[in-house]
Amino acid sequence: MLQDLVLLMQLQEIDLRIKEQELAQENFPVEVTQLEQEITKMKAALDHANEKLRKATAEKTTFEEQIQKAKDGLDKSQDRLNNIKTNREYDAVHAEIEAQKHMVNTAETRKKNIIEEIERLQEAVNEAQSMYEAAVSNNEPKIKELKEKITAIDSTIATIVKERDVLVPQIGKHILRPYDLIRKKRKNGKALSLINNNRNCSVCFKVLEPQLYNEIKRGLKLIICENCGSIMVWNGDYTSKS
Ligand SMILES: [Zn+2]
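Source: prediction; values computed, not measured.

(A) Expanded view of the overall build of the protein chain. Of regular secondary structure, the protein chain possesses four helices and two strands. Counting from the amino terminus, helix and strand elements in the protein chain follow one another as α-α-α-β-α-β. Relative to a compact globule of 242 residues, whose C-alpha radius of gyration would be 18 Å, the protein chain shows 40 Å and is clearly more extended. In the protein chain, which comprises 242 residues, the proportion classed as buried is 12%. When contacts within the protein chain are restricted to residue pairs at least 6 apart in sequence, long-range pairs at least 24 apart make up 72% of them.

This is the structure:
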């Protein structure tokens, strides 16, 4: 029995490594998605900022065209002033000139405002750009590493399973069977409770009676915690020799 229990501890260590890989197999793709989504989010923010800047720049062009058009009109009206024959005509051209001047002023003000807006939007684009670049340089190496790990998991598991296959035939069935039953029922895959000098079950922390504690230390039979159902194994050198 002693040897069986020692091997059982080795088996649990192997099984926990397999469990760890299986857990990684579930979690790594989730992590990859999160990291990729972070980059996508930053890219969307950058695109949005760029689009606002593009619209404002287009508006600036529109105002410039409006200014130019009004100025051309103004020039024509000024020319007409020189060929005026009647007062009525004079008043009409003057009204025209006033309207055109007003249009120029309005468009100039709008242009001035949009230029300030463009400066702000350009800063926002720069900020979004550097946040996007930071996300890419932070996350892409992590994504690459995780994807490599995901690819390697199957072969990692296969290697550990080979270790398991070597160990399992060396352990008695009477001990292997309860171990596997308990292990499969546990979400964390831990079937063993390793017992130390502090004299309680390391899984459920129930305090052990002295006699039970001594029996565990001797390691001559399979002892199961009556409280949590774990196989209790002495985590040290066994006191008996057999
Ligand atoms: Zn227990």
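(B) Molecular detail of the nonpolar core. In terms of nonpolar packing, the biggest core is built from 16 residues, with M232 and V233 touching the most fellow members. Of all the secondary structure elements, the ones that give two or more residues to this core are α1 (2–81), β1 (192–195) and β2 (231–234). If one sorts the elements of this core by residue count, β2 sits on top with four residues. Ignoring anything within four residues of it in the chain, the contact list for V233 reads L5, L8, M9, L192, L194 and I195.

(C) Just the environment of E20, in detail. Mapped onto the elements, E20 comes out in helix α1. Its 14 C-beta neighbours within 10 Å are what place E20 among the partly exposed residues. Sequence separation between E20 and G189 is 169 residues, and the spatial gap between their C-alpha atoms is 9.6 Å.

(D) Broad picture of the pairing of β2. Residue alternation in β2 divides its side chains into two sets, I231 and V233 and M232 and W234, and both sets are buried. Pairing of β1 with β2 involves four bridges; the strand directions are parallel. In the strand pairing of β2, I195 is matched with W234. Between the parallel elements β1 and β2, the chain passes through helix α4 (residues 210–218) in a crossover that is right-handed.

(E) Structural view of the environment of R186. Following the sequence through the fold, R186 ends up in the loop between α3 (173–185) and β1. A tally of 14 C-beta atoms within 10 Å means that R186 is categorised as partly exposed. Distance in space between the C-alpha atoms of R186 and S230 is 9.9 Å, their sequence separation being 44 residues.

(F) Structural detail: helix α2 (residues 87–167). The terminal C-alpha atoms of α2 lie 115 Å apart, and with 81 residues this matches the ideal 120 Å at 1.5 Å per residue to within 8%. The largest bend along α2 measures about 40 degrees and falls at A152. Residues Q100, A107, I114, L121 and Y132 constitute the buried set of α2. The elements touched by buried residues of α2 are α1.

(G) Highlighting the domain arrangement of the protein chain. You can read the domains of the protein chain as domain 1 (17–169) and domain 2 (173–234). The gap between the C-alpha centroids of domain 1 and domain 2 is 61 Å.

(H) Representation of the packing of α1 against α2. It is the contact of α1 with α2, at a shortest axis distance of 4 Å, that shows an interaxial angle of 165 degrees. With respect to α2, the axis of α1 lies roughly antiparallel. In the packing of α1 onto α2, the handedness of the crossing is left-handed. When its residues are assigned to classes, the contact of α1 with α2 shows 45 nonpolar, 13 polar and 22 charged.

Definitions and limits used
Residues numbered from 1 in each chain as written. Predicted model: local features only at pLDDT ≥ 70, side-chain atom pairs only at ≥ 80, totals over all residues. Helix = DSSP H or I, 4+ residues; strand = E, 2+ residues; numbered from the N terminus. Rg over C-alpha atoms; globule rule 2.2 N^0.38 Å. Buried ≥ 20, exposed ≤ 12 C-beta atoms within 10 Å, placed from the backbone. Contact = placed C-beta atoms within 7 Å. Core = buried A, V, L, I, M, F, W, Y, C linked by C-beta atoms within 7 Å. Pairing = 2+ DSSP bridges. Right-handed = clockwise from strand over helix to strand, strands pointing away. Expected span 1.5 Å × (residues − 1). Bend = angle between axes of the 7 residues up to and from the residue. Domains from an automatic or database assignment. Axes fitted to C-alpha atoms, helices over the stretch in contact; angles between N-to-C directions. Parallel < 35°, antiparallel > 145°, perpendicular 65-115°, else oblique. Left-handed = near helix turned anticlockwise from the far one by under 90°. Nonpolar A, V, L, I, M, F, W, Y, C, P; charged D, E, K, R; others polar.

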